[in-house]
Amino acid sequence: MSAGFTVAIDGPAAAGKGTLSKAVAAHFGFAHLDTGLLYRAVGAKVLAGESPIKAARGLDARDLEAADLRTPAVAQSASKVAVIAEVRAALLDFQRSFAARSGGAVLDGRDIGTVICPDAHVKLFITASAQVRAKRRFAELSARGIEDSFDQVLADVQARDARDRERVEAPLKPAKDAVLIDTSDLSIEQAVAQAIAVVDAQR
Ligand code: C5P
């Protein structure tokens, strides 16, 4: 395996990027970074009263382990701080160093293939219909005891997608050379197998 082999995985909220990225990383023995966690950690600090830019510049590895980063309120706050250029700039070096580590890395997010790692060896763009994504997120939140209605979860996912796609800085879009995988009608196993096949073809 060549040093610094990078896999970029982007896509809208709740498309299955996290599950796929973990599975691809485990299969190839690569490190994995969920870059959404960086924005969630900043979003959580803003909910606690900090200013977004100060929070992003002062982010610490321990902040990524905070217990409440996976709540709907933090997700919305994350997508609001993510439109701020200085916030994105403050998080850039950490992501690029992670991507360049020896032994290979998988990064998942919104702008990995377009901005963070434009030279990634493999770029995947994972999609699914908004209905399917909201259904999956609803099931995941319910299992964790978070009782939002399905309609609320769907509205949250759509609001976040719109903000992520329409922002000026690093908007959510597939890189020109990304391979698209629509997981709407795929099982997790099928989606993982497709992703692994794409990475294998580039090694
Ligand atoms: O991936 P996740 O849903 O945890 O991301 C939370 C929010 O962080 C996204 O809605 C998006 O606004 C932002 N984000 C981003 N760029 C990334 C990863 C996440 O703007 N690379």
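One structure accompanies this document, and this report is about it. (Residues numbered from 1 in each chain as written. Predicted model: local features only at pLDDT ≥ 70, side-chain atom pairs only at ≥ 80, totals over all residues. Heavy atoms only, no water.)

1. Side note on the pattern of salt bridges
Part 1 of the argument: By the definition in use, this model includes 12 salt bridges.
Part 2 of the argument: Residue Asp164 is joined to Arg110 by a salt bridge in which the shortest nitrogen-to-oxygen separation is 3.2 Å. Here Arg110 lies in the loop between strand 3 (105–109) and helix 6 (112–116) and Asp164 lies in helix 8 (residues 150–166), a separation of 54 residues in the sequence. Judged on exposure class, the residue Asp164 and its partner Arg110 are both buried.
Part 3 of the argument: Notably, a salt bridge pairs Arg133 with Asp161, separated by 2.7 Å at the nearest N-O pair. (Salt bridge = Lys/Arg side-chain N within 4 Å of Asp/Glu carboxyl O. Helix = DSSP H or I, 4+ residues; strand = E, 2+ residues; numbered from the N terminus. Buried < 20%, exposed > 50% of the residue type's maximum accessible area, 1.4 Å probe, protein only.)

2. Brief notes about the layout of surface pockets
Part 1 of the argument: Size it by volume and the largest pocket reaches roughly 990 Å³.
Part 2 of the argument: Lining the largest pocket are 48 residues, and of these Ala14, Lys17, Gly18, Arg70 and Arg137 sit closest to its centre.
Part 3 of the argument: Looking at the lining of the largest pocket residue by residue, the class counts come to 18 nonpolar, 12 polar and 18 charged. (1 Å grid on protein atoms, 1.4 Å probe; cavity = no way out; pocket = protein on both sides within 12 Å on 5 of 7 lines; lining within 4 Å. Points joined across faces, edges and corners; volume = space filled by probe spheres on them. Nonpolar A, V, L, I, M, F, W, Y, C, P; charged D, E, K, R; others polar.)

3. Remarks on the environment of Ala130
Part 1 of the argument: In this fold, Ala130 is placed in helix 7 (residues 130–143).
Part 2 of the argument: A sequence separation of 116 residues divides Ala130 from Ala14, and the C-alpha atoms of the two residues are 8.8 Å apart.
Part 3 of the argument: If near-sequence neighbours (up to four positions away) are discounted, Ala130 is found in contact with Leu154 and Gln158. (Contact = heavy atoms within 4.5 Å.)

4. Details of the packing of helix 2 (residues 36–47) against helix 5 (residues 85–99)
Part 1 of the argument: Between helix 2 and helix 5, the least distance of the axes is 11 Å, while the angle of their chain directions is 140 degrees. Taken together, the axis directions place helix 2 and helix 5 in an arrangement best described as oblique. Between helix 2 and helix 5 lies a crossing whose hand is right-handed. Between helix 2, through Leu38, Tyr39 and Val42, and helix 5, the contact on the second element is made entirely by Val87, Arg88, Leu91, Phe94 and Gln95.
Part 2 of the argument: Its residues assigned to classes, the contact of helix 2 with helix 5 comprises six nonpolar, one polar and one charged. (Axes fitted to C-alpha atoms, helices over the stretch in contact; angles between N-to-C directions. Parallel < 35°, antiparallel > 145°, perpendicular 65-115°, else oblique. Left-handed = near helix turned anticlockwise from the far one by under 90°.)

5. Notes on the sheet that holds strand 1 (residues 6–10)
Part 1 of the argument: Across the sheet, which stays open at both edges, the five strands sit in the order 2-3-1-4-5 with parallel pairing between neighbours. Whereas interior strands pair on both sides, the edge strands pair on one side only; in this sheet they are strand 2 (31–34) and strand 5 (179–182). Each strand axis lies, on average, 20 degrees off the axis of its neighbour in the sheet, ignoring direction.
Part 2 of the argument: By the bridge criterion, four bridges tie strand 1 to strand 4 (residues 122–127) in an arrangement that is parallel. For Asp10, the partnering residue across the bridge sits in strand 4 and is Phe125.
Part 3 of the argument: Packed on one face of the sheet, helix 9 (residues 188–202) meets strand 1, strand 4 and strand 5 and runs near 165 degrees to strand 4. (Pairing = 2+ DSSP bridges.)

6. Notes on the packing of aromatic side chains
Part 1 of the argument: In total, this model carries three aromatic pairs according to the counting rule given.
Part 2 of the argument: Measuring from ring centre to ring centre gives 6.0 Å for Phe138 and Phe150, while their planes differ by 85 degrees; the resulting arrangement is edge-to-face. In this pair, Phe138 sits in helix 7 while Phe150 sits in helix 8, placing the two residues 12 residues apart along the sequence.
Part 3 of the argument: By relative accessible area, Phe138 is classed as partly exposed at 28%.
Part 4 of the argument: Positioned above the aromatic ring of Phe98 is the side chain of Arg101, whose terminal nitrogen or guanidinium carbon lies 4.3 Å from the ring centre. (Phe/Tyr/Trp six-rings, centres within 6.5 Å; stacked < 30°, edge-to-face > 60°. Lys NZ or Arg CZ within 6 Å of the ring centre and 35° of its normal.)

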